[in-house]
Structures are given as C-alpha cells and as structure tokens.
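Overview (structure and organization)
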Amino acid sequence: FGVNPPRSCSPHPGQPSLQMEDPVQLKEEGNKYFQANDYEKAVQSYTQAIKLNKDKALQAVLYRNRAACFLKKEEYAKAASDASRAIDINTSDIKALYRRSQALEKLGKLDQAFKDVQKCATMEPRNKNFQETLRRLGADIQEKVNAGGSSPGFTDQMFEILLDENSEKEKREKAANNLIVLGREEAGAERIFQNNGVSLLLQLIETKNPELILAAVRTLSGMCTGHKARATAILHYLGIDNICMWMSVDNEEISLAVCNLLQTITDCLLGQGKEEHHGKEEAVVLDTKKDVRMITMRLLDMLVSKQVSGQGRDRALNLLNKNIPRKDLNDQDNSRTIFVIDNGLKKILKVVGQIPEMPDCLPLTENTQLTASVLLNKLYDDLRCDPERDNYRVICEEYINWPRGTGNMDKTLHAIQMVSGILQGPFDLGNKLLGMKGVMEMMVALCGSEREIDQLVAVEALIHASTKLSRASFIISNGVTLLKEIYKKTKNEKIKIRALVGLCKLGSAGGTDYGLRQFAEGSTEKLAKQCRKWLCNTSIDARTRKWAVEGLAYLTLDADVKDDFVEDEPALQAMFELASDKTILYSVASALVNCTNSYDTKELVPELVQLAKFSKQHVPEEHPKDKKDFVVKRVKRLLKAGVVSALACMVKADSAILTDQSKELIARVFLALCEDPKDRGTIVAQGGGKALIPLAVEGTEVGKIKASHALAKIAAISNPDIAFPGERVYEVVRPLVSLLNTERDGLQNYEALLGLTNFSGRSDKLRMKIVKERALPDIENYMFENHDQIRQAATECMCNLVVNKEVQERFVADGNDRLKLVVLLCGEDDEKLQVAASGALAMLTAAQKKLCSKMTEVTTQWLEILQRLCLHDNMEVQHRGLVIAFNLISADKELAMKMVKTELLEILTYVGKQEDDPKKQHIINVARDCLTKCMDYGLIKPLSRA
C-alpha cells in the first residue's frame, strides 16, 4: 500500500550505436546504460570510447567508469586494473582510488585497499563513506594483526621490516598499514607509545622514503587522536620545528599528512575533536595555552620563510584560518586572534604584498595570497570592539607608510599590492586605507610608470577597489580614465586584459556615464568576444587567462553576451578547466549564475508598470534572450559541456577559499540545472547529488535553501540507491525536512514532500531518520493544506511512514486527531488523495488492533466513508477499503457484529459473489475473506454466500 513516485533518473537508452565515433557521446551512452543497470552494454560503450579517445582527462574518466561497471559485474581484478589506469593519468582521482580500494578489498588485498581509501579520506576528511570504509578495513586488518599476535614483539617486528632496506616491497607495505591500524586503535597506540615507538617512527621519517614517511606520520596522527597527554608528549618529542619543516616539503601528499597531524594535535590541545577521557593520564597536562602559542608562532614564521614551499605556506595559512578565529562569536574569548594580530599581522601582510613577477618573491601557489586575504578577513571579523579594530588598522597603516620617503618604487609596489590583498579580505578596512593621504597618488604614479609591473599592480588594485561601491569617489571618477588610457596604450596582453576587467567592474560599481558599450569603439559583445579569445589562448599564462573569466563574470549580465558565451564550447571548456583553480571560483560561479538566470529578480507589478508608462518614466523591459526558452537552451548547453563536473570540483575547494557567498552562487546554478526532470539523471551521474549535500548544510541561509530545493528535485524522482548511494542518503533527509517550513514557498514544500515520500518507501532505517529529524508534525500540518497537490504529497508521505512502529505508536496514543484526519481524507473526492489515505489506514489497522476500534470512535462518518471506499470505481481504492473492512472484522467480534448489521454486509456480499476475474481477483478474494471471518464468528450463515 506504500507510495512510490515515478522514477525518471534517466531513460533507458536504445541499442548501442555502431556508427558512433565521438568518445564523449559514447561516454554519455555508457552512463545511461549504467544508470539502467545494463552493465554489459555500458562496458561496450566505454571500451569503444577508450579506443577512439585521445584526450588524457577523458581517458581517465572512461577507465574509472568502466571500473565501476566491473565492480557491479563482480569482476574485481578488471575493476582494479581499470582504476589503476585512471590513477596513472591522474593520481588525485578520488573516484578511481575508491573504486580500486573496493576491488582490492574483494580480492582480499586489505592492506592495499586500506592505503587507497586512506588517501581518499585525506583528500576529503568530511566524507562519511570514506571514514566508515576506513574504520571497517582497519577493524578487519586489526583482527588479522591480533590473530598474528599483537605483542610488543610483534610491533618491534613491524619496525624491523620497515627499517630494513632489503625487505620486500609487499612486506613493507603490509607492515606500514599494520602500524597505521594499530595507531588508530587505543590499545595499539598505547603499545607503540610505551615501547619506544615514537623514536622508531622518527627514524622512519628520517629515511626520506616518501612511503615510510607517510606511514609514520599517519600512525602518529592515529596515536594523537583524542588523547591530550599523548598528543602533547609526541609534540614535544618530535619538536614543532621538525613538524613544520616536514609540512614545508614540496610533496603534496606528505605535506597534507603532516598538516593533518598538526591539526589533530591542535584539536587535542584546544579540547576539540573526539576527546576521550583517560583517567589519571589527563593530570599530566596542566596548561596547553603555551603549546598552542608555540605552534601559532611557528606557523606565522613559516609565512615569511623563503625555505618554505608554496604549498607548505598554504598549509600554515589553512591551519591559522581553521584554529585562530572563534567558531562561535558568542564566545567572549578572542585572545588567539589578538595574539596573532600583535605577533603576526605584519607577516600575513607581507604574504599578500608579494608580487609573483618580482625576483625576490616568496614561493607561492596560485591560492596562497587569496587564502591570506581570507585569513585577514576572518581575523578582522573576530575583533569585538573599536579599539581592537583600530589597532589592526594602525598596523596596516604602518606597513603602507613604511616605503614613504624612501624613493624606492619596489617598496611602493609591495605596499599597493598589500592594499589589494586587504581589499579582497576586510573590504571596509581596505576602503579606509585607500583614503589615507598619498595612497591614491601612489596608484596614479604606478599607472603612469613605464614599468609594466607597476602598471600591472596598479590596475589590479583599481579592480579590487571597485569590487563594491567604493567610498573613495576618486576611484569612480578617475578610475575609468586611467584604465582606458592604459588599455589603449599598452601592448602587453597581461595588462590589457586586467584593464578591461577593471573597466567592466567600474562600470557596474559606479554607474558612470562612460558606459562600456561605447568603449574602444565596440559593443559589450565585442569586449566579451575578446575575453573569450584570451580565455581560449593557452599560450597566455593561466594567471592572466583567469582575468578573462573575471571580465566575463560582469559582461554576462548582458543577455546577448551570455547567449554567445554558452554557444562557444571551447571557451566554456577553458573556463571549466580553470574552475579547479580556487582563486577564480567566485567569478566562475558568478558567470554561471548569469548564464542560467539564477539570480534574484524583482517581479514587476503590471499596475505599477502602466502607471510608470503613463507618467513617462523609464520601465526596464525583459530582454528577449532572458525569456524562459532561451534560458532553458543555455542550461542544456551547459549540461552538455560538463558544467556539473566543474561545479562538483568547485565544491571540493579548501574551506578557506570556498566562501559562503560562493556556495550560494553554486547552489543557485545547481537549482537552475535541476529544473527539467529529464536532466536530473545526468546531474546525478556527474556527481551533482553528492556535491549538493554540503551546500545544503553550510553557507548562507539562501544558499542552503537553494541547495536543499535542488536535492528535493533530485530525490523526488530518482532512485535513492543510485542518486545517494550508501550512507549518503541519510545526509539528504535533514535538508529536505528544512523545506517543510511555512516560510518556504509551495513548490519547495511540495518537492520536499515528494522526496521524503520516495525515501520513506525505501527502508525502515530511512523512515526512522525522517522521524528523528522531527518531520512528522510538519507532514501532518501539510495534510490539512488547502493546496490539493501539497495535501496529496503529504498524505502519500504519511502512507509510507506508517509502516514504522514509532509512527504507529503516535497514532495509537491518546489525545490526538491523527487517525481522524486520515479517515476523513479517505472521504475526500480527490482520487489520488483517497489512494494514499486509504493505504495509510489499511496499514495502520493491520498493524495495530487498537486503531480498529479507535477508528469507529474518531468520527461518526467512518462507516459511510468505509462503504464508499468498498464500492469505489478505482480498483486500488476499493481494494484498500475492503482490506480496512477485513482488518476491522478480524480485530474484534463485537466490532464485526456492529458492521454486519449495516449495509456493509450487502456490499461485501455483492463483491464476494462476483465471478472470478483475474483483473480484480484480489478485490473479490478480500471480500470473501471478510465474509468467511463473519461466518467463523457465527454472525452469518454459509447460505448467505450463495
């Protein structure tokens, strides 16, 4: 009697096209076969695509997808082989790593499987699926370890194998994984710690063998987790200088593993994470503030050290971003932030003031300076009062004043670059610094300089100053003139593109009369075409090409520009490739929001429009290319170009760079993409379902609502096992429940209810999750809704939920009208509503005998409603009505006697006496069962059936 909405995650494809020679189309064909569970044909499509394809990135995807098919076909050796081929092309392919881990586990190679999934968990530490797999494999390996003996001698043996250069590679790998597993388990961690294990792990690190270093660092992380005393002891034994030195190495995997170790130690010192209590051992730790400050000082020193690699600097900035500002602004203690400002603000300013083109520049990655700007912003936001903010400002002013009077143009350059960095962080403070005496003069001097580097820095400063409506009127009134002059004179493409972006931003920020349409004797479309040309020109450095995306983020506000842009597939692909670079994440998202028209628009009231026209006022009209048909075409083009994969990649950005505003923009785009039900299967197949979950949980309120609504659209029609495999489906429940709110609109309510209906029909564990999220009262409220579709959706959802015992108990409990509501809904004229309500009532009366007698008490209309159900023209409704009648008769002889004395007996007799008919035999049989039960009670004679 449950309700399952139609699932159209993707239509079943036709026969494979033997003539098809486009590997991208073959990949899409394979995806459709996979979603339709036709793994053999999917393998054929992927294999054909692999033979034809010449693009490395696509080749990795094809091998990865074929590995997924082999996993489903239980051909694990082939799955592991294909996943390895994908990893050979892209070592950070997290899907390929996880699929190889799954295959290796099935092949019994637990050590290698553990190693792969550990890499996955390091790249995505918040992924519950990876963490669960890691725990499960760890437990399996631990069991084997215990079976082989886990005495101190066994631990020594592991170290002997690892430190012996002549040991076989396979033995070394197994020993390394055994150590990691031991370190994650409390007894094993303590055994290693008590038996000189930290010293031996240090020896492994000093071998300079990357595999051994990783094994040692990961073992140390496990030993520190949740144990403050041990974490403190390990910190002091290893030394913070050594830890920071290891984190500074130019090896991404080692640098990240050491960063995780330091984060684990910091969590223990700050009392965060999964803290466990260890009795008297805790008394060893008296005060951790000194250790936290020691770590903080060393991280700040790393920022300005030339010996630190770019990614090491990024790790230090990320640790400061995560651990210094308060998590909760209600907490009055911001002493860590004050400490950093007093002892390290100038060091952070030095990082944002670096100029990559200068020979004396510190080693940086493309993310370093943006991450430093984010840190500046977080520190400023964490200040509690004006005196604290004034102190911050004074330190910044001193840094700017430092080059004055020296006549040193390079120092002036660094000062202006620093202002640019602050404008990307605490913007209000940046505006104040722009207002300082001499700062604007410095920028003008740089604009007029003959040195191209000076022009480059000055133009970027003008761009960042115009990000919002600047209080510095000088920027608005003079910026356009300066930039136009530079644009026309310079022959350097790097400067030219930046000047164009600056003009785009200043035009939108200042509302000036200059206008971009007349600029350079060309239209907005012409400027956008130039940006697209720069974007596709791979001979230009990536940093310069990213500025083209910045320009398009503004130019795509024009309907003609956005339409041309989505038709330019090379430009789209170039932007998607650059989207993995986190420094332009916001600009890419902005351009996509513009192209999909997913920004907020004010509805024009017709009466006010007429009034405005009458008074001869200008009335903005919708551009023809902003109408729905054009928007739909653009969305289809973006989907075909692979926008979902690009968005999924953007969601994985470092938390420091993926701001709440960026998350909101991405959520808006996802919601626009999910509009057509036919596209939702493609979105799921390309990782959209997974990417939406964190967007629905963290970010701005608007962003969370948009992401939750997109999830609801997917959940409403998709098979949850495909759309949200494994434990992921339970994470989707809360976002769906959040839409059951009177502040949300009717469509959001409706699609959330459809999604919950789909989920509640899958398993009792999911039904229990929905109940625990306190969705039941909201669902009941919507069953009273005046809107027919919402009321029907809520009733269908309840129909599936009543299978759960806890839900049934709520119907049985005294003092509520839940059962009465369901009975009355059975009497409504809406046929679909009757189907859902009668299904719920049939299951409730079958499961709980108390509800059978209660049904006759909740309303005097119960009998009339039941009789109508049993005579209904819709066979599904009639069947459910007869089942309810049977449940009531079976529950109690007195109740059966009461029913026999009514017209219901004639109805049962009429239905039961009908000739056998395969189409409605199930209905006839239930009616006969009712009559048989009455005969068993002795209420009617066998003759009454004749």
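For clarity, every value in this text was computed on a predicted model and none was experimentally measured. (Residues numbered from 1 in each chain as written. Predicted model: local features only at pLDDT ≥ 70, side-chain atom pairs only at ≥ 80, totals over all residues. Heavy atoms only, no water.)

1. Let's talk about the overall build of the protein
The helix and strand tally for the protein stands at 53 helices and zero strands. Only carbon and sulfur atoms are counted for the fraction: they give 49% of the accessible area of the protein, which is about 42,900 Å². (Helix = DSSP H or I, 4+ residues; strand = E, 2+ residues; numbered from the N terminus. Areas by Shrake-Rupley, 256 points an atom, 1.4 Å probe, with all protein chains shown as cover.)

2. Some points on the packing of helix α27 (residues 524–536) against helix α30 (residues 569–579)
Remark: α27 packs on α30, axes separated minimally by 9 Å, with the N-to-C direction vectors making an angle of 60°. Of the possible angle classes, the one that applies to α27 and α30 is oblique. Here α27 and α30 pass one another in a crossing that is left-handed. Where α27 abuts α30, its residues R532, L535 and C536 lie against P570, A571, A574, M575 and L578. The residue inventory of the contact of α27 with α30, partitioned by class, reads seven nonpolar, no polar and one charged. (Axes fitted to C-alpha atoms, helices over the stretch in contact; angles between N-to-C directions. Parallel < 35°, antiparallel > 145°, perpendicular 65-115°, else oblique. Left-handed = near helix turned anticlockwise from the far one by under 90°. Contact = heavy atoms within 4.5 Å. Nonpolar A, V, L, I, M, F, W, Y, C, P; charged D, E, K, R; others polar.)

3. Focus: the UniProt feature "repeat: TPR" (unreviewed entry) in the protein
In this numbering, the UniProt entry assigns the feature "repeat: TPR" (unreviewed entry) to residues 23–56 and 94–127. From the first C-alpha to the last, residues 23–56 spans 12 Å; its make-up is 82% helix and 0% strand. Along residues 94–127 the backbone is 79% helical and 0% strand, and the end-to-end C-alpha distance reaches 11 Å. (UniProt positions renumbered as here; feature names shortened; annotations may be inferred.)

4. Let's talk about the side chain of S718
Note on placement: S718 falls in the loop between α38 (701–717) and α39 (720–723). Taking relative accessible area as the criterion, S718 reaches 1% and is therefore assigned buried. Here I714 takes part through its backbone oxygen, which lies 2.7 Å from a polar atom of the side chain of S718. (Buried < 20%, exposed > 50% of the residue type's maximum accessible area, 1.4 Å probe, protein only. Polar contact = N/O pair within 3.5 Å; in protein donor to acceptor, adjacent residues only side chain to side chain.)

5. Observations concerning empty space enclosed by the protein
Under the defined criterion, the tally for this structure stands at three cavities of 30 Å³ or more. Here the largest cavity is characterised by a volume of approximately 80 Å³. Considering the residues around the largest cavity, the lining is formed by T266, L270, V292, I295, T296, L299, L319, L320, N323, I324 and R336. Every element with two or more residues in the lining of the largest cavity is listed here: α15 (252–270), α16 (289–303) and α17 (310–323). (1 Å grid on protein atoms, 1.4 Å probe; cavity = no way out; pocket = protein on both sides within 12 Å on 5 of 7 lines; lining within 4 Å. Points joined across faces, edges and corners; volume = space filled by probe spheres on them.)

6. A word on the pattern of salt bridges
Tallying each qualifying case throughout the model produces 55 salt bridges. Residue K347 is joined to D301 by a salt bridge in which the shortest nitrogen-to-oxygen separation is 2.7 Å. Of this pair, K347 sits in helix α18 (residues 335–352) while D301 sits in helix α16, and the two are 46 residues apart along the sequence. A relative accessible area of 29% means that D301 is categorised as partly exposed. Here K625 and D560 are joined by a salt bridge, their closest N and O atoms 3.4 Å apart. Of this pair, K625 sits in the loop between α32 (606–614) and α33 (628–641) while D560 sits in helix α29 (residues 559–567); the two residues are 65 residues apart in sequence, bridging distant segments of the chain. If you follow the salt bridges from partner to partner, you end up with E40, K73, E75 and K78 in one network. (Salt bridge = Lys/Arg side-chain N within 4 Å of Asp/Glu carboxyl O.)

7. Remarks on the confidence of the model for the protein
Confidence in the prediction for the protein averages 84 pLDDT; 88% of positions are at 70 or higher. Per-element mean pLDDT across the protein ranges from 57 in α32 up to 95 in α38. Across residues 5–19, confidence stays below pLDDT 50; counting only partners more than four residues off in sequence or on other chains, it has 39 contacts. Low confidence marks residues 510–522, where pLDDT is under 50. Its contacts with residues over four positions away, or in another chain, come to 26 contacts. (pLDDT = per-residue confidence, 0-100.)

8. Concerning the packing of aromatic side chains
Each aromatic ring pair is summarised here by two numbers: the centre-to-centre distance and the angle between the ring planes. With the rule as written, the count across this model stands at four aromatic pairs. Considering the side-chain rings of Y98 and F130, the 5.1 Å spacing of their centres and the 55° angle between planes classify their relative orientation as tilted. Of the two residues, Y98 is situated in helix α5 (residues 94–106) and F130 in helix α7 (residues 128–147); the sequence distance between them amounts to 32 residues. In this structure, Y98 and F130 share a single accessibility class: buried. For the pair F724 and F759, a centre-to-centre distance of 6.1 Å together with 80° between the ring planes defines the contact as edge-to-face. In this pair, F724 sits in the loop between α39 and α40 (728–738) while F759 sits in helix α41 (residues 746–760), placing the two residues 35 residues apart along the sequence. Among the residues examined, F759 registers a relative accessible area of 0% and is labelled buried. The ring of Y487 carries K496 above its face, with NZ or CZ at 4.5 Å from the centroid. (Phe/Tyr/Trp six-rings, centres within 6.5 Å; stacked < 30°, edge-to-face > 60°. Lys NZ or Arg CZ within 6 Å of the ring centre and 35° of its normal.)

9. Looking at a negative patch on the surface
Among the surface-exposed residues, D156, E160, D164 and E165 lie close enough to one another that they form a single negatively charged patch. Looking at where E165 falls in the secondary structure, it is placed in the loop between α8 (152–163) and α9 (169–184). Overall, E165 belongs to the exposed group, its relative accessible area being 71%. (Patch = residues over 30% accessible without salt bridge, like charges linked within 9 Å, V, L, I, M, F, W, Y side chains within 5 Å. Lys, Arg positive; Asp, Glu negative; His and termini not counted. Charge placed at Lys NZ, Arg CZ, Asp CG, Glu CD.)

10. Quick notes on unusual backbone geometry
Non-glycine residue N37 carries a positive phi angle of around 65°. Structurally, N37 can be placed in the loop between α1 (23–35) and α2 (39–52). Positive phi, close to 65°, is recorded for E74, a residue that is not glycine. Position of E74 relative to the elements: it lies in the loop between α3 (56–72) and α4 (76–89).

11. Topic: the packing of helix α20 (residues 386–401) against helix α21 (residues 409–423)
Where α20 meets α21, the axes come as close as 8 Å, and the angle between the chain directions of the two elements is 150°. Classified by the interaxial angle, the pair formed by α20 and α21 is roughly antiparallel. Like other packed secondary-structure pairs, α20 and α21 cross with a definite hand, here left-handed. Across the interface between the two elements, C396, Y399 and I400 of α20 pack against A415, M418, V419 and I422 of α21. Residue classes in the contact of α20 with α21 are distributed as seven nonpolar, no polar and no charged.

12. Regarding α41
A rise of 1.5 Å per residue sets the reference length of α41, with its 15 residues, at 21 Å; its end C-alpha atoms lie 21 Å apart and thus fit the reference within 8%. Summarising burial for α41: twelve of the 15 residues are buried, a large majority. Looking at α41, one finds that the buried residues are Q748, N749, E751, A752, L753, L754, G755, L756, T757, N758, F759 and S760. Its side-chain oxygen at 3.1 Å from the backbone nitrogen of L747, D745 defines the N-terminal cap of α41. (Expected span 1.5 Å × (residues − 1).)

13. A word on the environment of N323
By the secondary structure assignment, N323 is in helix α17. Residues N323 and V292, spaced 31 residues apart in sequence, show a C-alpha to C-alpha distance of 9.7 Å. Non-local contacts of N323, meaning those with residues more than four positions away in its chain, are made with Q263, T266, D267, L270 and R336. Of note is the side chain of N323, whose polar atom sits 2.9 Å from the backbone oxygen of L319.

14. Examining the side chain of S838
If you trace the backbone, S838 turns up in helix α47 (residues 831–847). In terms of polar contacts, S838 uses its side chain to reach the backbone carbonyl oxygen of Q834, at 2.6 Å. S838 has contacts with C826, L869, R880 and I884, leaving out every residue within four places of it along the chain.

15. Let's talk about the environment of C799
Examined against the element boundaries, C799 turns out to sit in helix α44 (residues 788–801). C799 sits in the buried class, given a relative accessible area of 0%. Along the chain, C799 and T757 lie 42 residues apart, while their C-alpha atoms are 8.4 Å from each other.

16. A look at the environment of P694
Looking at the element boundaries, P694 is found in helix α37 (residues 688–697). Distance in space between the C-alpha atoms of P694 and K652 is 9.6 Å, their sequence separation being 42 residues.

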